[in-house]
Amino acid sequence: MEQVISQLQNSAIFSGITRQEISALLGCLRPVARSYDKNEIIWQEGESAHTVGLVLRGKVLVLRDDFWGNRSILGEAAAGDLFGEAYACAESQNLTVSVLAAEPCEVLFVEIAHTLKMCSHACSFHLRLIQNLMQILAGKNLMLARKIDHLSRRTTREKLLAYLSWQAQVHGSSTFDIPFNRQQLADYLSVDRSALSQELSRMKRAGLVDFTRSHFTLLSDRSES
């Protein structure tokens, strides 16, 4: 349990909450930890979600597959990140996405009803937990708005430039690592993988970017966001 508490201290949902307070909260929240293998489905589209998932180890992808099997990645959650909070807060809404383990991972599930309902002790740190959850929800909305901006670009190059420019802003540097491999990046930007790879090669030859796998350096002073 001490190891779990150490991991939780690094997550946004427990920001500003001490180890002793986290330990007390866990008694109220009654969390359940589960481990998953790479490519294992954690949640399936159509299921109901009453819990919030907190990634303790590894990484998960939030995705949607259409009738023909075309995949779109809507987001990702690494160690310390939450997923499923919007669906859990909506209560009656069934999942319109699936969640997949991108690598071996461990997830802590918390019943949302225990998170939103103050315990009988009305602990100040429980209120802080709710405030943190609201901030995370707001941040996710901003992230979705940013993705809409990326996808609204007309060409594959424009989508890539918008996404990579944003990543540079997030990292505060023109050199950074993105959280996706080539297929995942193509799924995130809703473009064909081969078309994406060809466009990246053209951008490299044009002196706009340099890259090795998921490590990128922006070489142009052009800024699109």
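In short, a report on the structure. All figures in this text were calculated on a predicted structure; none of them were measured in a lab.

## Things to note about the sheet that holds strand β11 (residues 215-218)
By definition, the strands of a sheet pair up through backbone hydrogen bonds, in either a parallel or an antiparallel sense.
Then, in step 1: The strand order across the open sheet formed by three strands is β9-β11-β10, and the pairing between neighbours is antiparallel. With partners counted over all chains shown, the strands left at the sheet margins are β9 (175-177) and β10 (209-212), one partner each. When the angles between neighbouring strand axes are averaged without regard to direction, this sheet yields 20°.
Then, in step 2: For β10 and β11, the ladder comprises four bridges, and the chain directions are antiparallel. Bridging from a neighbouring strand, phenylalanine 211 pairs with phenylalanine 216 of β11.
Then, in step 3: Together, β9, β10 and β11 form the strand contacts of helix α6 (residues 156-171), whose direction differs from that of β9 by roughly 100°.

## Points about the packing of helix α5 (residues 124-151) against α6
Then, in step 1: It is at 8 Å that the axes of α5 and α6 come closest, and there the two elements cross at 145°. For the pair formed by α5 and α6, the contact residues are Met143, Arg146, His150 and Leu151 on the first element and Lys159, Ala162, Tyr163, Trp166 and Gln169 on the second.
Then, in step 2: Its residues assigned to classes, the contact of α5 with α6 comprises five nonpolar, two polar and two charged.

## Describing the pairing of strand β5 (residues 71-78)
Then, in step 1: As paired elements, strand β4 (residues 59-65) and β5 share seven bridges and run antiparallel to each other. Across the sheet, the residue bridging to arginine 64 is serine 72, located in β5.

## Here we look at the nonpolar core
Then, in step 1: The biggest cluster of nonpolar side chains holds 26 residues, and the ones touching the most others in it are Tyr163, Leu164, Leu185, Leu189 and Leu196.
Then, in step 2: Elements with a minimum of two residues in this core: β4, α6, α7 (182-189), α8 (193-205) and β10.
Then, in step 3: Among the elements that take part in this core, α6 stands out by supplying six residues, more than any other.
Then, in step 4: Sequence-distant contacts of leucine 189, that is, excluding residues within four places in its chain, are made with His150, Leu151, Lys159, Leu160, Tyr163 and Leu196.

What counts and what doesn't
- Residues numbered from 1 in each chain as written.
- Predicted model: local features only at pLDDT ≥ 70, side-chain atom pairs only at ≥ 80, totals over all residues.
- Heavy atoms only, no water.
- Pairing = 2+ DSSP bridges.
- Helix = DSSP H or I, 4+ residues; strand = E, 2+ residues; numbered from the N terminus.
- Axes fitted to C-alpha atoms, helices over the stretch in contact; angles between N-to-C directions.
- Contact = heavy atoms within 4.5 Å.
- Nonpolar A, V, L, I, M, F, W, Y, C, P; charged D, E, K, R; others polar.
- Core = buried A, V, L, I, M, F, W, Y, C linked by side-chain atoms within 4.5 Å.
- Buried < 20%, exposed > 50% of the residue type's maximum accessible area, 1.4 Å probe, protein only.

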